[in-house]
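A closer look at the structure
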Amino acid sequence: MGNTVADRLADIIHKFHINEIPKVTPEEAQKHSEQVEQRLVNEYQAKRAKNFTRVRSIYNEKNVLNHVFKDVKPVSDEFTVLAKKAQVIAKEYANGEKFNTVLSGQAGAGKTMLAVCIMNYLRSKRPQAKCLFISVTELSELAFSQYRKEEYDQQARYNQAMKDIDECDLLVLDDLGTESSMTIDTSESSNTVQKMLFRIGDLMQGKRLVITTNNNGEELTEMYNPKIISRLLTSNQDHILKFENVEDYRQQHN
């Protein structure tokens, strides 16, 4: 065995059957550096998007953000058809399509669950996508706080929610119409809610909006200004899931 550095290097090459040590050009080094940098940026954006959904969503139901398609259990043939339709919509969103989706029908039928499944499917396929879940009832309460001088924290939270909606790539707007049905007069939502929904509709133009509601189209039309309806709802039947005569999902799986 030689004693020089060259001799030792030759021994190592022989031992490990290395015929040639690859040479890296400056261009290749630059390309590798850019790839590493892009990977780190993607990882950072994915982490931010994950935290965005968890921290900025507004809801009152524990674990509501955890639903995924693989955990969905069929309760009836009708529900299975709706779940498959939701999967098709989720794949279209993941492929880059942007449109409004409406899930309507009786309470407890699984509308919110499938809406969240759609959201989480997009998050799994596009980790950098910023997704948000907002309860209309909870957001309405925050909107009303602007008229109560003492509730500055609530006002700030409402303003932040609107900024988050503007920033998000997909919004699940849960229980549209419930904020109205909880009042004595269901024929007209308050001006505050109308303005709130109109603004949301504007902010979500050209993006992905998923709405759940216990009301049908006719009832919603009676509740809200036509300009709101045109911004939030859709006439595309492929993007409407009607939960009619579907067994109560909550009762069967709680």
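Structure report, in brief. No experiment lies behind these values; they were computed from the predicted model shown.

1. Comments concerning the nonpolar core
Within soluble globular proteins, side chains that are nonpolar tend to cluster in buried spots. Ranked by internal contacts, the top residues of the largest apolar core, which has 33 residues, are Phe79, Leu114 and Phe243. Within the residue set of this core, elements represented by two or more residues are α3 (77–94), α4 (111–125), β2 (131–135), β3 (170–176) and β5 (240–243). When residues no more than four places from it in sequence are discounted, the contact partners of Leu114 are Phe69, Val72, Phe79, Leu82, Ala83, Ala86, Leu103 and Phe243. Grouped together as the second largest cluster of nonpolar side chains are 31 residues, Leu142, Ile165, Leu220 and Leu232 included.

2. So, unusual backbone geometry
With a phi close to 65°, Asn63 is a non-glycine residue in the positive phi region. Phi angles above zero are rare outside glycine, and Asp175 is one such case at about 65°. With respect to the helices and strands, Asp175 occurs in strand β3. A relative accessible area of 24% means that Asp175 is categorised as partly exposed.

3. Considerations on α4
Since one α-helical turn is 3.6 residues long, residues separated by three or four positions face the same way. Between its first and last C-alpha atoms α4 spans 22 Å; for 15 residues at 1.5 Å apiece the expected length is 21 Å, and the two agree. Counted residue by residue, α4 has 11 buried out of 15 residues, so it is predominantly covered. Taken together, the buried positions of α4 are occupied by Lys111, Thr112, Met113, Leu114, Ala115, Val116, Cys117, Ile118, Met119, Asn120 and Leu122.

Reading the values: rules and limits
Here the residue index of a chain counts from 1 through its sequence in written order. In view of the model being predicted, local features appear only for residues whose pLDDT reaches at least 70, and side-chain atom pairs are presented and counted only at 80 or more, with totals across whole chains, interfaces and linings using the full set of residues. For the side-chain quantities, the full set of heavy atoms in the structure was used; hydrogens and water were omitted. We define the nonpolar core as a collection of buried residues of types Ala, Val, Leu, Ile, Met, Phe, Trp, Tyr and Cys that are connected through side-chain atoms lying within 4.5 Å of one another. Buried means the residue's accessible area, taken with a 1.4 Å probe over protein chains only, is under 20% of the maximum for its type, while exposed means over 50%, and partly exposed covers the values in between. Only DSSP runs of H or I covering at least 4 residues are called helices, and only runs of E covering at least 2 are called strands; the numbering of each starts at the N terminus. In what follows, a contact means two residues having at least one pair of non-hydrogen atoms within 4.5 Å. A helix is expected to span 1.5 Å for every residue after the first.

In short, shape yes, function no, at least from these values alone.
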